[in-house]
Amino acid sequence: MNELLKKSATEQSKALKNKEISAVELTNAAFARIDELDEKLGAFNSLTKEIALNTAKKVDEKIAKGEELPLLAGIPLALKDNMNLKGSKTTASSKILENFVSPFNATITEKLLGNLVPIVGKANLDEFAMGSSNENSAFKKVHNPWDLKKVPGGSSGGSAASVAACEATLALGSDTGGSIRLPASFCGIVGMKPTYGRVSRYGLIAFASSLDQIGPFARTVEDAANLLEVISGHDPKDSTSLNLPVEHYAANLNNDIKGMKVGVIKELMTEGLSEDVQKAVERAIEDYKKLGAEIVEISLPNLKHSIGIYYILATAECSSNLARFDGVKYGYRTPDAKNLMEMYTKTRAEGFGPEVKRRIMLGTYALSSGYYDAYYKKAQQMRALVTQDFVEAFKKADILISPTCPNTAFELGAKASDPLAMYLTDIATISANLAGIPGLSVPAGFDKDGMPIGLQILAPQLQESRLFNAAHKFERANDYYLKLANI
Ligand code: GLN
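Computed from a prediction, not measured in an experiment: that's the story for all the values here. (Residues numbered from 1 in each chain as written. Predicted model: local features only at pLDDT ≥ 70, side-chain atom pairs only at ≥ 80, totals over all residues. Heavy atoms only, no water.)

Attention shifts here to the pattern of salt bridges. Counted by the stated rule, this structure contains 20 salt bridges. A salt bridge links Lys-122 to Asp-81; the nearest nitrogen and oxygen atoms lie 3.2 Å apart. In this pair, Lys-122 is assigned in strand 3 (residues 119-123) and Asp-81 in the loop between strand 2 (77-80) and helix 4 (107-114), connecting sequence segments 41 residues apart. Given the relative accessible area of 0%, Asp-81 is considered buried. Where Lys-448 meets Asp-276, a salt bridge forms, and the shortest distance between an N and an O atom there is 4.0 Å. Residue Lys-448 is found in the loop between strand 10 (439-446) and strand 11 (452-458), and its partner Asp-276 is found in helix 8 (residues 275-290); the two are separated by 172 residues along the sequence. Here the salt bridges share partners, and the residues they tie into one network are Asp-336, Lys-338, Glu-342 and Lys-346. (Salt bridge = Lys/Arg side-chain N within 4 Å of Asp/Glu carboxyl O. Helix = DSSP H or I, 4+ residues; strand = E, 2+ residues; numbered from the N terminus. Buried < 20%, exposed > 50% of the residue type's maximum accessible area, 1.4 Å probe, protein only.)

In terms of burial, strand 7 (residues 261-265) is largely enclosed, as 4 of its 5 residues are buried. Pairing analysis gives 3 bridges linking strand 7 to strand 9 (residues 399-403), with the strands arranged parallel. Counted as the bridge partner of Gly-263 is Leu-400 from strand 9. (Pairing = 2+ DSSP bridges.)

Okay, the site of the ligand next. Taken together, 15 residues lie around the ligand, and Gly-177, Ser-179, Tyr-310, Arg-359 and Asp-426 are the ones closest in. Contact between the ligand and Tyr-311: an oxygen atom at 3.4 Å from a side-chain N or O atom of the residue. The side chain of Asp-426 places a nitrogen or oxygen atom 2.5 Å from a nitrogen atom of the ligand. Considered on its own, the ligand offers 290 Å² of accessible surface; in the complex 100% of this is hidden by protein. Looking at the shell around the ligand residue by residue, the classes come out as 5 nonpolar, 7 polar and 3 charged. (Near = heavy atom within 4 Å. Polar contact = N/O pair within 3.5 Å; in protein donor to acceptor, adjacent residues only side chain to side chain. Areas by Shrake-Rupley, 256 points an atom, 1.4 Å probe, with all protein chains shown as cover. Nonpolar A, V, L, I, M, F, W, Y, C, P; charged D, E, K, R; others polar.)

What follows deals with the packing of helix 9 (residues 306-321) against helix 12 (residues 373-396). Packing of helix 9 against helix 12 brings their axes to within 9 Å, and their N-to-C directions diverge by 120 degrees. It follows that helix 9 is oblique to helix 12 by the angle criterion. Crossing angle aside, the handedness with which helix 9 passes helix 12 is left-handed. Along its contact with helix 9, which presents Ile-309, Ile-312, Leu-313 and Ala-316, the element helix 12 presents Tyr-375, Tyr-376, Ala-379, Gln-380, Met-382, Arg-383 and Val-386. Considering only residue class, the contact of helix 9 with helix 12 consists of 9 nonpolar, 1 polar and 1 charged. (Axes fitted to C-alpha atoms, helices over the stretch in contact; angles between N-to-C directions. Parallel < 35°, antiparallel > 145°, perpendicular 65-115°, else oblique. Left-handed = near helix turned anticlockwise from the far one by under 90°. Contact = heavy atoms within 4.5 Å.)

Right, here's the structure in full:
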């Protein structure tokens, strides 16, 4: 592997500017790494060589002319395969979209192309982003680069694995209940979910629209901060996107955090926590003390309801969002139907996988008349209480910390036949989506088998700068982030 692939985007940008390597060479090095590795890893559904190399050529032209480069120009990036990139397949890892070629770009894709970021390929995911292990892809499983027998986490498993294995330097994922933070923690990298509305969802295949947010993966907090800056901003095509200026998030990374109040979420430090994960969080608490932060204990009394609330709301929203896949407009259509109704039902029965069907059925039930008040309405009311818990918590603390997941990556197949056990892996992450607040996972050590552990940090709405600052200080107080998967 080209040694430069192991470096951060900041270092790669410097190498490009100093002409140690050209953008075309760097992009080709990423493709060589993918060729060497991805058979084993399964991180990519498809590669977009022509698009990536065209972009890289433009970067080299600018360098040759001595022009200023936009942020992250020339840095190889993997795009989760539920985001549209014109002229490429966008499958959401579902048979129903297996041959769908995007006729348009998502807003984030336009922004990446505008900044001359070479998009090397479409990263594997759980079908329609529903899952926590990436085992729900209709095409192939993703393997964890730290141990190929283990899952990379989901649903953005391909995005996380590609960055952890240095096939790409950056990646984008989507996070509805933890799908960026969980795989980041299982793969030992940084993964960040922004405030709801910070990043446009236009061109992201919708799962649960009131919870979905696109966010960055990187091997350093600084790279993640820069990638968020590139993709953020108001978009008239997404009515939920916020009309607020984009900050230069990396500007405050080194601010002193003396006196910052770091709240430890009590409910996430008890039940079901693996010993190694508990120790890692305790070490993180000590690190924050050394950095001059003040530690406070925080209770989120309604956190225990978050999984229940999420599986009503997310399934309700997905049952309505996925109604569009009916064989009429685009995507798969069953070849043998006798009438229209049979065409609908057969198309959906053949096109969707078991987890997606389970969600559609649960959500349709929760929304049906007679049950709506008991389930959907109640869940909405409970969502408000979870949000209120955070409002109270942030009166006492500037940021909150917890494990990203109570355990490290598990073996492929270990939870595949037990959906409830799988749903429980998101206990620490889901409430941030319910409340719309930003959160990230940063490497915080390793378990006794050498598998990475993630520390989750949460901040109030729109306090991404504070979040990155607190994460960067923790990252640089240790050297976990420098250790790469040996693959
Ligand atoms: N694991 C959760 C689910 O299966 C979250 C997925 C996500 O954030 N996209 O729904």
